[in-house]
Amino acid sequence: MASTQSSSPLAGSESFWSNSEPGVVFELLAYQPLANPVIVLDELDKTDQQRQYDPLAALYTLLEPRSARDFIDLSIRDFAIDASHVNWIATANSIESIPAPLLSRMTVLHVQAPTPEQVAHIARQMYGRMRAESPWGAGFTPRLDDRVVDKLKNLPPRTLGLALKRALGRAAREEREHIRVGDVPDQVSSTRKPMGFLA
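If you're wondering where the values come from, they're calculated on a predicted model, not measured in any experiment.

Caption draft 1: Up close: the pattern of salt bridges. Summed over all chains, the structure comprises nine salt bridges. Note that lysine 46 and glutamate 43 form a salt bridge whose closest N and O atoms lie 3.9 Å from each other. Overall, the relative accessible area of 37% leaves lysine 46 in the partly exposed class. Residue classification places glutamate 43 among the partly exposed positions, given a relative accessible area of 29%. Among the ionic pairs, aspartate 150 bridges to lysine 153, the shortest N-O distance being 3.6 Å. For aspartate 150, a relative accessible area of 39% translates into the label partly exposed. Of the residues examined, lysine 153 reaches a relative accessible area of 24% and is grouped as partly exposed. Taken together, the shared-partner salt bridges connect Arg124, Arg143 and Asp146 into one network.

Calculation rules
- Residues numbered from 1 in each chain as written.
- Predicted model: local features only at pLDDT ≥ 70, side-chain atom pairs only at ≥ 80, totals over all residues.
- Heavy atoms only, no water.
- Salt bridge = Lys/Arg side-chain N within 4 Å of Asp/Glu carboxyl O.
- Buried < 20%, exposed > 50% of the residue type's maximum accessible area, 1.4 Å probe, protein only.

Here's what the structure looks like:
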């Protein structure tokens, strides 16, 4: 939702536009065999509501079961479809910027940050998946060293995958089949240094 500029991805675009097309709700209900699909609205709190066309506008109708029964896609105004059985999941880091009328239509669940033990489990799972999905994976040991896991579990979960990739890269450069504690960066930043010119 962070990159959505209007509600047209959900509710379609007006038919007078040359590139008018139906929204995802119509597409799912018209061309899929189920009437109760799951639609995930990722990063709902990052939606830019200051735009001329509010990206959240369609949700006021779609999240209210009574009005969703007669949902009309903007590109196909000839008939209404029943969207009242759609299952909606929205993710957000904070609910502060989400309008109160939308929040009143939702059940808000607060998910706590994982504990270090849970992060350790995630790290092991992630390492196993990286080995399984990569052509070079067989060159590394099946299990992470416990000391490596102890260091990984103190990293923020968001940076865990990047830290593992960098550690694997260091081990590969040194032609080792296992990751050492020193391969794991103390801090992981995904931002790249800006490129510029000096006068």
